[in-house]
Amino acid sequence: MCLGIPGKVTEIYEANGTRMGKVDFSGIQKEVCLAYLPEIEVGDYTIIHVGFAITQLDEESALETLALFEEMGVLEEELLAEEEQTT
């Protein structure tokens, strides 16, 4: 994902001693590393870069950004492009 699309943390767990989680991007679930954001919790929003959660967003900012990307017509395009790369 190149645009820094906000995603919602849906699950947090540990794998091989590393804090990991699942993040939902408009219905597409991604496994991500949460090690850089130890305070993030299920239900919080984050920006992912190359599989790492790099910043936490409040819900209002996340939803506003998602609406803007949707309005620009790039949200679905970006999510589909990322999904195609992983299949």
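All values derive from a computational prediction rather than experimental measurement.

Draft legend 1. Geometry of the overall build of the protein. A count of helical and extended segments in the protein gives two helices and five strands. The order of α-helices and β-strands along the protein, N terminus first, is β-β-β-β-β-α-α. Across the 87 residues of the protein, 31% fall into the buried class. Restricting the contact set of the protein to residue pairs at least 6 apart, pairs at least 24 apart contribute 38%. Of the accessible surface of the protein, which amounts to about 5,400 Å², a share of 50% is contributed by carbon and sulfur atoms.

Draft legend 2. The pairing of strand β5 (residues 52-57), seen in detail. Summarising the sheet, strand β4 (residues 45-49) and β5 pair through five bridges and their orientation is antiparallel. By the bridge assignment, T46 is partnered in β5 with Q56. Here β4 hands over to β5 after two residues, with V50 in that stretch at a positive phi of 45 degrees.

Draft legend 3. Molecular detail of the pairing of β4. Counted residue by residue, β4 has four buried out of five residues, so it is predominantly covered. Two elements, strand β1 (residues 6-15) and β4, share three bridges in a ladder whose sense is antiparallel. When the bridges of β4 are listed, P6 appears paired with I47.

Draft legend 4. Structural view of a negative patch on the surface. Together, D58, E59, E60 and E64 make up a region of like negative charge exposed at the surface. Mapped onto the elements of the fold, E60 is located in helix α1 (residues 59-72). E60 sits in the exposed class, given a relative accessible area of 61%.

Draft legend 5. Fine view of unusual backbone geometry. The residue N16 is not glycine, and still its phi comes out positive at about 55 degrees. You can call N16 exposed: its relative accessible area is 83%. Even without a glycine there, the phi angle at V50 is positive, about 45 degrees. With respect to the helices and strands, the residue V50 is situated in the loop between β4 and β5.

Draft legend 6. Region of the structure containing the nonpolar core. Of all hydrophobic cores here, the largest spans 13 residues; its most connected members are I5, V23 and I48. For this core, the secondary-structure elements that each account for two or more residues are β2 (18-25) and α1. Apart from residues lying up to four places away in sequence, V23 is in contact with G7, K8, V9, T10, I28, Q29, K30, V32, T46 and I48.

Draft legend 7. Just the packing of aromatic side chains, in detail. Applying the stated criterion to the full structure yields one aromatic pair. With a centroid separation of 5.3 Å and an interplanar angle of 25 degrees, the aromatic rings of Y36 and F52 are classed as stacked. Taken together, the positions of Y36 in the loop between β3 (28-33) and β4 and F52 in strand β5 put the pair 16 residues apart, joining distant regions of the chain. Classification of Y36 by relative accessible area gives exposed; the value is 56%.

Calculation criteria
Residues numbered from 1 in each chain as written. Predicted model: local features only at pLDDT ≥ 70, side-chain atom pairs only at ≥ 80, totals over all residues. Heavy atoms only, no water. Helix = DSSP H or I, 4+ residues; strand = E, 2+ residues; numbered from the N terminus. Buried < 20%, exposed > 50% of the residue type's maximum accessible area, 1.4 Å probe, protein only. Contact = heavy atoms within 4.5 Å. Areas by Shrake-Rupley, 256 points an atom, 1.4 Å probe, with all protein chains shown as cover. Pairing = 2+ DSSP bridges. Patch = residues over 30% accessible without salt bridge, like charges linked within 9 Å, V, L, I, M, F, W, Y side chains within 5 Å. Salt bridge = Lys/Arg side-chain N within 4 Å of Asp/Glu carboxyl O. Lys, Arg positive; Asp, Glu negative; His and termini not counted. Charge placed at Lys NZ, Arg CZ, Asp CG, Glu CD. Core = buried A, V, L, I, M, F, W, Y, C linked by side-chain atoms within 4.5 Å. Phe/Tyr/Trp six-rings, centres within 6.5 Å; stacked < 30°, edge-to-face > 60°.

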